[in-house]
Every structure is written in structure tokens, then in C-alpha cells.
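# Per-entry structural report
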Amino acid sequence: MSKVSALARLEALESMKALPITQFRHRRLSDKPLVVIPLVMAGEAGSPLAVMIGQTKRSPRLIIVGQPRNPDQRFVFAAELGDVVMDYINDHRLNRREIHSRSGESRSRFTGAPQVLVPNRGGIKALVDLGRTCRFRKTTGDFPVSAVVPELGRWLTFLTDSAEQAGTSMLLALTDLLTEHWATGQSTLEDQNLASVMAWIAPPTGVSVEQALLDAENPVIWPPAGPSTSPEFDNQQLHSAIKGFDAARESGDTAAFNAAQQELRDLIGDQIKPTWRMMWDAIALLHGVPEAPSAAKRFDADCASFTDFSDYQETGAALPQRARDDAVGAARRLSRLERSIEAFEADMAFDDPFVLADRRSIGEAFAGTVEAVEPDRVVTSDKNRPILRPLIAIRTLDPTRLADGTQLISPTMPVGHKAKIVGTVLDEDSTLVTVEVVGGMGRPGKPTIGSIPELGQIVAYLPDPGWRATPTFPASGTMPWTHTDTTAADLDISTSATASTEEWGDED
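Below, the structure is looked at part by part. Here the structure is a predicted model, which is why all the values come from computation and not from measurement.

### Considerations on the overall build of the chain
- Along the chain, the regular secondary structure elements total 12 helices and 17 strands.
- For the chain, the C-alpha atoms occupy an extent of roughly 90 × 60 × 45 Å along the three principal directions.
- Across the 508 residues that make up the chain, the buried fraction comes to 47%.
- Summed over its atoms, the accessible surface of the chain is roughly 25700 Å², and 53% of this surface lies on carbon and sulfur atoms.
- Averaged over its 51 positive side-chain charges, the chain has a centre that lies 6 Å from the centre of its 68 negative ones.

Here you go:
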């Protein structure tokens, strides 16, 4: 945690009010997101209990599993959920536009991408488990399921994989969205409680923050936002309701079965509805925060990723995602996630002065006054040609931990401006950083006005996220024996003896 972030939390605690730590909202927020609140039974290995889902506050749809331990009912639940999710996804697969590259090539891309919002990170984990279980199911043979079940599994896995990548907006936890913009006076673990976060940001009218925080810890006033239900609720109410549902189903009495099912729906609905209303209140708050300029660029990347995956599904030869990455796949995934974090953090600092100040406080960026300029400095390139490379000396009071040779970008200079650190001299109270301007100056012989910092100008720099070369990885078939296991059988969950209980626990 940086000094600025720590100070914001302390000030929030002292004033008992959440403080904004960013000037912008750095994620695209859809006008019609798909809000999903998954519930699983506590202590039942992720057995799905219910989900409330919908695109508007006034039209939630509640889907329940009457007996979560029954595999047949679980996949009926998955099929009903799949119909809703796939209808939403298919609505975004209707309109395309042509994208032209600099080389003159063109390709079509969807104009939009889906956005699924869950209450917290636990909701994402619940969708990970559901996607893993569903995507391996087969529609023929033993234990067949509806065709929408494996399709739902593949799409949920695509969305949950995207949620791992920094800056994407196709699957988001509302607690992360809120705490990305506001600092609360509680721990990061407590920030995963949606009711607690909202108590800091916007407590109910006439209720103090202190009282709202106490209410957030009371499962009677604010039932857990999932994915697990309260153990007290399970023991005191849910267990007897499920038992009554089982008895009514076994009796064959249609009237008794309908009554027991409605009782169970009402009971679970009362647990989810407070979270449903709170999520839409949080979405309204986030819509009031201006969107960062670079969010549109990241949304375009989401649209491209969504289009590629959708086109692959339409080939007719689409396979479910692997249960586990091999060594090369894991390395590629790790590299992709690391680069996405660097790019997202740089975009945030480039757009947002609050975030830039946060990075300056920990030495990941710096700002200062230009003390010396060599605007006409010329060096000889590797190809033995003279090139303009101005030197700029910047006096800064910020702690500087960037190594010589680090490529830099600047939010205070024109677009395209790039520089490189060539030297750092520590003084008693300040640091003199010398940088070499290497890009964004226009024509070689005549630099554009304003492309080179001037004497006395205040400038800021941060690392360029794309200056490191993309790593290359070996082909999967060329892996050395130290990274492979030739004795291990391929994992095929759909045909295993535990196919019906994978991730969802035993029927007993």
C-alpha cells in the first residue's frame, strides 16, 4: 500500500466517510449490464442454491435449486440459467463493424461486448466453479444435459478468464469497482463486504456510518451478498424448507409440491433481494463518476476478445477450455496477466492525476521542474546516421526508484512523447533525473513545437508499459521432459466416475 492510499484510508477512518482516490472511473460501465447474484450452500462444496439475475432493477429473475444435493436438479438449474445468460450474450452478437488496420487489412468486430456484474470476488469464484462443471458436460450418452449447459460453461469460463486480466470490463465485482474509486476506513478484506463498502460511501438516509457498519454485519438486516449463505439461515430456515420440498416432491401431491417450492423461493428471495437493491444503488453511484479517457480503448479490446471467442464458437469445432494449463500455457497466461497489469496501471496514471500522485509516492513515477535542456543534441544511430536526442535534466522531490534505461511516457507532454532515463543523481532533499527524449518529436530535422520540455517547465514521467519486448515461448510439443508428465492421463471430467459431483459435492 502506498503512502497516498494509506493516508486516504486514515482520513476516511477519521472522518467516517469514504474518500475518492481517483478522479475518474477507469472501467467501462454498461447502460444495461447483466447483474448476477449467485448463492451456494454453506459447507456443501459449492453446491448451487440460487441465482438472481436481470438487466433492470425492476425485473429480477430468481432461479433456485430445490435440492442442491441432487445432480439432476443442479443441471436443470444450469440449463435455465444458461437460457438467460445466452440470450444476453447473443444480443451483443448482432451488430458488427469493419475495422481497418494500418496495413490496409480489414476485419469485422462486434460493436459491443457483454458486461456481467456480481457483488464481490466470491461471486466470480462461484461462476468459475459453475463454468468448469458445465463446460465438460455432454449432451448425449450417459447423464446427458441440455445443449445450453456446456455452452454456458464455455462462456462463463471465457468471462471469468477475462476477469483475471486487469482493465477488462466484461465480468466485474462491484466491491472492486467501488474500492477502486473510493477509500474506506476498513481493511481490504472487509472491503469485500458490499454492505460495509456502501455504508462508508452512501449510508441509508438518516443512518450514521457507524450504525450502517453495524447493520452490515447483521445477517438479519443485510443477509450475506454471497456466494455462501449465512450458517444460521441454513440451520434455522433453509434446512427445514428443503426438507419440506423433498417430502412434497416424493409424495406426488402437486399442490403440496407447488406450495413447498413457493415457500422455498420466497425464503431464498428474501435473502437475495436486499443485495439486489444495493447493487443497483451502487451502479447508480458509479454512473455518476466520469469515465477515464482510456476506458474506450480498453473497451475496444474487450470487443475484439469477445468477437474472437464468439467466432471460434461458431466454427462448429469449438472445444471446452482446458481443465489445467500445461507449462507453456501457464507461462503465456502469466505473461499476459503481468503485461495487462502494467498497461492498466500506466493508463490509470496517464489519465488520472490522483493515481499519478499515488505512484509518485512509491517511486514508480516522478514529476519535477526542468533545470537544464540540450534541445539540439545529436547522436549517431546504430546505422551510422545522425539523430536528434535532446537531454532534459529534471529536479524532483519525489522518491525515484526507476533504473537507468527505463523507457518513459508523460501525461504532461503531447501524445507520442517518449523518453529514457540516462542518469539519476541523488541530492540531500531532491533528485536530479536526466532523461533523453527518444520519440514524439515529429520530423527528424525539425521537432514539433512543444515536443521537447522547456526550461522551468513542470513535467511528469512514468514507465512505458510496452517498452519490454514480448517474451517468446516454446511450442507445447517441444517441452523438455522436466516440464511434462507422460504417465498422467488426460483429464476428462465429463466421463469420470465423479462427473455429476465435480465441484458441486457428493449427492449424499
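### Thoughts on the sheet that holds strand 3 (residues 48–54)
- Here 5 strands make up an open sheet; going across it, the order is 4-3-2-7-8 and the pairing mixed. At either margin of the open sheet sits one strand with a lone partner, and together these are strand 4 (61–64) and strand 8 (171–173). Taken over all neighbouring pairs, the strand axes of this sheet differ in orientation by 25 degrees on average, direction set aside.
- Note that strand 7 (residues 116–118) and strand 8 share 3 bridges and pair parallel. Looking at strand 8, one finds that leucine 117 is bridged to leucine 172.

### Regarding the environment of histidine 100
- In this fold, histidine 100 is placed in strand 5 (residues 96–100).
- We classify histidine 100 as exposed; its relative accessible area is 60%.
- Ignoring anything within four residues of it in the chain, the contact list for histidine 100 reads Glu105 and Ser106.

### Thoughts on the packing of helix 5 (residues 174–181) against helix 6 (residues 194–201)
- At a closest axis distance of 10 Å, the pairing of helix 5 and helix 6 adopts a crossing angle of 30 degrees. Comparing their axes, helix 6 and helix 5 come out roughly parallel. Seen from above, helix 5 lies across helix 6 with left-handed handedness. Taken together, the residues of helix 6 that come into contact with helix 5 (itself represented by Leu174, Thr175, Leu178 and Thr179) are Leu194, Val197, Met198 and Ile201.

### What about the sheet that holds strand 16 (residues 431–439)?
- Taken in spatial order, the 6 strands line up as 10-13-16-15-14-17 and close into a barrel, and their pairing is antiparallel. Within this sheet the neighbouring strands show an average axis-to-axis angle of 45 degrees, counted without direction.
- In this structure, strand 14 (residues 407–409) lies alongside strand 15 (residues 418–426), joined through 3 bridges in antiparallel fashion. Opposite isoleucine 409, over in strand 15, you have lysine 418 as the bridge partner.
- Against the sheet, helix 12 (residues 353–360) engages strand 10 (366–374) and strand 17 (458–463), with an angle of about 70 degrees to strand 17.

### A few points about the pattern of salt bridges
- Here the structure, examined in full by the defined rule, presents 25 salt bridges.
- With its nearest N and O atoms 3.3 Å apart, the salt bridge here joins arginine 298 to aspartate 347. Of this pair, arginine 298 sits in helix 10 (residues 295–313) while aspartate 347 sits in helix 11 (residues 327–351), and the two are 49 residues apart along the sequence.
- Assessed through its relative accessible area of 9%, arginine 298 is described here as buried.
- For aspartate 347, a relative accessible area of 14% puts it in the buried group.
- Taken together, the shared-partner salt bridges in this structure form one network comprising Asp161, Glu164, Asp325 and Arg333.

### Considering the side chain of threonine 275
- Mapped onto the fold, threonine 275 is located in helix 9 (residues 254–287).
- Those residues in contact with threonine 275 that sit more than four places away from it in its chain are Ile37, Pro119, Leu194, Pro223, Pro224 and Ala225.

### Comments concerning the packing of aromatic side chains
- Considering all chains together, one arrives at 8 aromatic pairs under this definition.
- Between tryptophan 155 and phenylalanine 158, the aromatic rings sit 5.6 Å apart at their centres with planes inclined by 90 degrees, giving edge-to-face as the arrangement. One end of the pair is tryptophan 155 and the other is phenylalanine 158, both in helix 4 (residues 148–163) and 3 residues apart, which spans about a single turn.
- Residue classification places phenylalanine 158 among the buried positions, given a relative accessible area of 9%.
- For the ring pair tryptophan 155 and phenylalanine 306, a centre distance of 5.6 Å and an interplane angle of 55 degrees mean the geometry is tilted. With tryptophan 155 in helix 4 and phenylalanine 306 in helix 10, this pair connects stretches of sequence that are 151 residues apart.
- Of the aromatic side chains, those joined through ring pairs into one cluster are Phe110, Trp155, Phe158, Phe306 and Phe309.
- The ring of phenylalanine 299 carries the charged tip of arginine 28 above its face, separated from the ring centre by 4.4 Å.

### Some words on the packing of helix 2 (residues 71–91) against helix 4
- At a minimum axis separation of 8 Å, helix 2 and helix 4 run at an interaxial angle of 60 degrees. By the criterion of interaxial angle, the relationship of helix 2 to helix 4 is oblique. Where helix 2 crosses over helix 4, the two elements pack in a sense that is left-handed. For the pair helix 2 and helix 4, contact is made by Phe75, Ala78, Ala79, Leu81, Gly82, Asp83, Val85, Met86 and Ile89 and by Val148, Val149, Glu151, Leu152 and Trp155, respectively.

Basis of the calculations
- Residues numbered from 1 in each chain as written.
- Predicted model: local features only at pLDDT ≥ 70, side-chain atom pairs only at ≥ 80, totals over all residues.
- Heavy atoms only, no water.
- Helix = DSSP H or I, 4+ residues; strand = E, 2+ residues; numbered from the N terminus.
- Buried < 20%, exposed > 50% of the residue type's maximum accessible area, 1.4 Å probe, protein only.
- Areas by Shrake-Rupley, 256 points an atom, 1.4 Å probe, with all protein chains shown as cover.
- Lys, Arg positive; Asp, Glu negative; His and termini not counted.
- Charge placed at Lys NZ, Arg CZ, Asp CG, Glu CD.
- Pairing = 2+ DSSP bridges.
- Axes fitted to C-alpha atoms, helices over the stretch in contact; angles between N-to-C directions.
- Contact = heavy atoms within 4.5 Å.
- Parallel < 35°, antiparallel > 145°, perpendicular 65-115°, else oblique.
- Left-handed = near helix turned anticlockwise from the far one by under 90°.
- Salt bridge = Lys/Arg side-chain N within 4 Å of Asp/Glu carboxyl O.
- Phe/Tyr/Trp six-rings, centres within 6.5 Å; stacked < 30°, edge-to-face > 60°.
- Lys NZ or Arg CZ within 6 Å of the ring centre and 35° of its normal.

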